[in-house]
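Report on the structure
The lines below spell out each chain.
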Amino acid sequence: MTREAFEHNKVRNRLSVVQDGVAALEFLRKQGEHADAPTPDLVLLDLNLPRMDGREVLEAMKSDERLRAIPVVVLTTSEAEEDVVRSYSLHANAYVTKPVDFDRFIDVVRQIDEFFVEVVRLPSR
């Protein structure tokens, strides 16, 4: 769905997708089959990942000096207050509840892209 939203909004940024939390950290750390992976400018993180959930990925990222400066937007179906609080306590940069409606989801992805690409100044690599 995120891939479709990027295409629909003509988002210029490269979108890399992994299937679970273990693969996410391998990608970010450039390990194994992800040795040549690009360092992302922004991570869209689902909390409900298999093998290692998004909370664990977020905690690992923010405790790793090489990864902690990468902004993380938690983009998840969870509306639980405890997930919001925990994500921010683990230093997520934003928490967005995924809309169920695809048109609204497209709008949310566009707003995230506009904010982090056009408004926010990110550290250079």
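All of the points below concern the structure found in this document. Since we're looking at a predicted model, the values are computed, not measured. (Residues numbered from 1 in each chain as written. Predicted model: local features only at pLDDT ≥ 70, side-chain atom pairs only at ≥ 80, totals over all residues. Heavy atoms only, no water.)

Here's the deal with the packing of aromatic side chains
Given two aromatic rings, one states the distance between the centres and the angle between the planes to describe the pair. Evaluated as defined, the whole model comprises one aromatic pair. Aromatic side chains Phe115 and Phe116 sit 5.1 Å apart centroid to centroid with 90° between the ring planes, which places their arrangement in the edge-to-face category. Look at Phe116 and you get buried, because its relative accessible area is 9%. (Phe/Tyr/Trp six-rings, centres within 6.5 Å; stacked < 30°, edge-to-face > 60°. Buried < 20%, exposed > 50% of the residue type's maximum accessible area, 1.4 Å probe, protein only.)

Focus: the packing of helix α2 (residues 21-29) against helix α3 (residues 54-62)
Direction vectors running N to C along α2 and α3 enclose 20°, while the axes themselves pass 9 Å from each other. The pairing of α2 with α3 is recorded here as roughly parallel in orientation. Both α2 and α3 take part in a crossing whose hand is right-handed. Taking contact as the criterion, the partners of Gly21, Ala24, Leu25, Leu28 and Arg29 in α2 are, on α3, Val57, Ala60 and Met61. Classifying every residue of the contact of α2 with α3 gives six nonpolar, one polar and one charged. (Axes fitted to C-alpha atoms, helices over the stretch in contact; angles between N-to-C directions. Helix = DSSP H or I, 4+ residues; strand = E, 2+ residues; numbered from the N terminus. Parallel < 35°, antiparallel > 145°, perpendicular 65-115°, else oblique. Left-handed = near helix turned anticlockwise from the far one by under 90°. Contact = heavy atoms within 4.5 Å. Nonpolar A, V, L, I, M, F, W, Y, C, P; charged D, E, K, R; others polar.)

It is worth stressing that arrangement in space is one thing and function is another; only the former is reported here.
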